[in-house]
Amino acid sequence: MVTIEERIDALTERELQHGLDVFRSKLRAAEASYLNACVHCGLCAESCHYFRMEPTLENVPARKLDHVAAVFRRHFTTAGRLAPGLVGARGFDRAMVRAWLDAVFGRCSLCGRCSLNCTIGIGLPRVFRAARAALAAMDLVPDDLQATVDNSLRHGNNMAITREDWVDTVQWLEEELQMETGDPEARLPLDRHGAKMLFTVNPREPKFFPLSLQASAKVFWAAREDWTLASDPGWDLTNYGLFNCNDEQAGQITQNLVDAMARLGCTTLVIGECGHGFGAARWEGPEWLQRTYPFELRSMLDVMDEYLESGRITVDPARNAKTVTLHDPCNLVRHGGVSEPQRRVLRRSVSRFVEMTPSREHNFCCGGGGGQLAMAAYKDRRIRSGGMKAQQIKDTGAEIVVAPCHNCIDQLMELNKEYRLGVQIKTVAEMVAEALVTDGPPPTDGKGTT
Amino acid sequence: MASIECNGMQVELNPEGFLVDPGAWNDDLARVLAVQEEGLQTLDAQHWSVIRFIRQYYDEHQSAPMVRLICKSTGLPLKRIYELFPSGPAKGACKLAGLPKPDGCV
């Protein structure tokens, strides 16, 4: 297999030009102004978890931006073309490609905290995504990240799970749910045409960690929801096209969800607890596809919040007696705008809830976002940068960390081990399922059963 | 490139501690990986039943089995799998069985 370093060595002038063309095509007015706007005030440094845990120049977001801005000036501004030395312009050569790769894939989780703290509001993640797109166009996405995208394109899910394995696991979880609830009618319905909600999951759940899927199913059961899962592509909510920044591939993956909704005739697409999956489907998907969805899209957190608010399900917080804190996934909260439903749900479902400091849109990235979890080459940086999150968790004194994102959960599991946090890590649905108050099997009225 | 010593031989690991060459795997290597990567000083019969099934499945399918299949074939309940391998089925059990790191959010 040709390594990414060998591919950089072998780059032709034509390929470099193609990368530049794609970079240019991703720059709209906003991004172009961002590239001219940084005044190097340095406030972004303290906002970045990479810099906070390893204060070197290359970890300063403004420095990462500089690598990209220098190329923009050299190739797309008059001053940069005529007098590159005077305006800090640099050509897009192999050394610069390496600098981009290191900066935008190797030292950035696209968490956007720098942008929030930027004195002039530069949207750094938008610029870094344009740079990633250029690298993707030159076949310079780290192999393990691209493999995850390729799985989705070839198999309809990012772990290459076969239909048979997926269906078998759903049926197994249905039996488990029936045993847990004592209700032989409890279902994890598959392909129920015309169901109100299509519920989508992260392949990590059926593959290795199915308790969160079972917990979500238990909440639907208690609410007597009219829901279904899909057995064919469209059941996986993930979209690593958000990370490799190949918008065409990202659009193809989003299309799986749109097709499943049409195939099953559902009215509401429910995105399970996943940060990037929500951000990709809710905000980027319509951009990638260049059209609006003909259906409603909601986060599972919002659905659970409504169940509790309306009294459709009831919970007893005494069943969750341990101290609980909440992690805010960047793509769900800072980028995605979903911050309160999970808090309302947890305040109702657990005895003692403590916030991290800072929290909500100011929260620190766990270190695993932006595709970092998939890129082995940057593992040491990922664990080191996660030190900010580890300290935040320690400071709460919590015994349970709730994270409405499977990507974050995996990173938090590693931080738990590396930093000896001694915490349990769970989804919001797992906390709700644990606290559910039910009076035996619900009355059968046909809803929620096949 | 990281490496691990086993029976006087250096075996290459990727930065996340997974074998670079799954074909280099053997029982002794599983024991060394268990100590270094998973903090397990000994592997008991239940650990081995999980590791052997994963390895056999990988040899046949070139992929990691669903946790459902691990439970079914070993007869162990799901919660026991998580107790046996604190880092979970992927970064724990599959790593000890010498598989490459699975793709996805793991």
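Here we summarise the structure given alongside this text.

Cut-offs and rules
- Residues numbered from 1 in each chain as written.
- Chains lettered and ligands numbered in written order.
- Predicted model: local features only at pLDDT ≥ 70, side-chain atom pairs only at ≥ 80, totals over all residues.
- Contact = placed C-beta atoms within 7 Å.
- Helix = DSSP H or I, 4+ residues; strand = E, 2+ residues; numbered from the N terminus.
- Nonpolar A, V, L, I, M, F, W, Y, C, P; charged D, E, K, R; others polar.
- Expected span 1.5 Å × (residues − 1).
- Buried ≥ 20, exposed ≤ 12 C-beta atoms within 10 Å, placed from the backbone.
- Core = buried A, V, L, I, M, F, W, Y, C linked by C-beta atoms within 7 Å.
- Pairing = 2+ DSSP bridges.
- Axes fitted to C-alpha atoms, helices over the stretch in contact; angles between N-to-C directions.
- Parallel < 35°, antiparallel > 145°, perpendicular 65-115°, else oblique.
- Left-handed = near helix turned anticlockwise from the far one by under 90°.
- Arc of directions from axis to C-beta.

1. Here we look at the interface of chain A and chain B
How big an interface is tends to be expressed through the accessible area that disappears when the partners come together. In this complex, chain A contributes 31 residues to the contact, which on the side of chain B involves 17 residues. Among the secondary structure elements, those contributing two or more residues to the side of chain A that touches chain B are α11 (143-155), α12 (163-181), α13 (204-207), α20 (379-385) and α22 (406-418) of chain A. The element contributing the most residues to the side of chain A that touches chain B is α22(A), with five residues. Here the residues of the side of chain A that touches chain B are counted per class, giving 14 nonpolar, eight polar and nine charged.

2. Observations concerning α11(A)
All names here are of chain A. Relative to the 18 Å expected for 13 residues at 1.5 Å per residue, α11 spans 17 Å between its end C-alpha atoms, a close match to the ideal helical length. Three or more residues of α11 are buried, namely L145, Q146, T148, V149, N151 and S152. Those residues of α11 that are buried lie in contact with α15 (241-244) and α16 (247-264). Count one or two residues on from α11 and you reach G156, which has phi positive near 80 degrees.

3. Details of the nonpolar core
One finds A131(A), L198(A), V219(A), M304(A), V432(A) and I54(B) to be the most contacted residues of the largest nonpolar core, which totals 169 residues. The element contributing the most residues to this core is helix α10 (residues 124-137) of chain A, with 10 residues. Beyond its immediate chain neighbours, meaning those up to four positions away, I54(B) contacts A64(B), P65(B), I70(B), A93(B), C94(B), A97(B) and L99(B).

4. With respect to the sheet that holds strand β8 (residues 424-426) of chain A
Residue and element names in this part refer to chain A. Read across the open sheet, the four strands follow the order β6-β5-β7-β8; overall the sheet is parallel. The sheet is open, and its two edges are formed by β6 (352-354) and β8, each paired on a single side. Ignoring which end each strand starts from, the neighbouring axes of this sheet average 30 degrees apart. Here strand β7 (residues 400-402) runs beside β8; their pairing, made up of three bridges, is parallel. Along β8, the bridge assignment pairs V402 with K426. Each of β5 (323-326), β6 and β7 is contacted by helix α19 (residues 341-349), which is oriented at about 175 degrees to β5, the strand it contacts most.

5. Describing the packing of α11(A) against α16(A)
Residue and element names in this part refer to chain A. α16 packs onto α11 with a crossing angle of 45 degrees between their chain directions and a minimal axis gap of 10 Å. The orientation of α11 with respect to α16, classified from their angle, is oblique. Both α11 and α16 take part in a crossing whose hand is left-handed. Residues V149, S152 and L153 of α11 lie in contact with α16, whose contacting residues are Q249, Q252 and I253. In terms of residue class, the contact of α11 with α16 is built from three nonpolar, three polar and no charged.

6. Details of helix α3 (residues 67-74) of chain B
Every buried residue belonging to α3(B) is among V67(B), R68(B), I70(B) and C71(B), and all of these are buried. For α3(B), the arc enclosing every buried residue in end-on projection is 165 degrees, short of the 170-degree limit, so these residues lie on one face. Those residues of α3(B) hidden inside the fold are in contact with α12 and α13 of chain A together with α2 (45-61), α4 (78-84) and α5 (88-96) of chain B. Looking at the residues trailing α3(B), positive phi occurs at G75(B), about 75 degrees.

7. Some points on the sheet that holds strand β3 (residues 268-271) of chain A
Residue and element names in this part refer to chain A. One open sheet holds the four strands; their spatial order is β2-β1-β3-β4, and the pairing between them is parallel. The outermost strands of the open sheet, each flanked by one partner alone, are β2 (227-228) and β4 (296-299). Where strand β1 (residues 197-200) meets β2, two bridges bridge the pair, whose relative direction is parallel. If you follow M197 over to β2, its bridge partner there is W227.

Keep in mind these numbers describe shape, not what the thing actually does.
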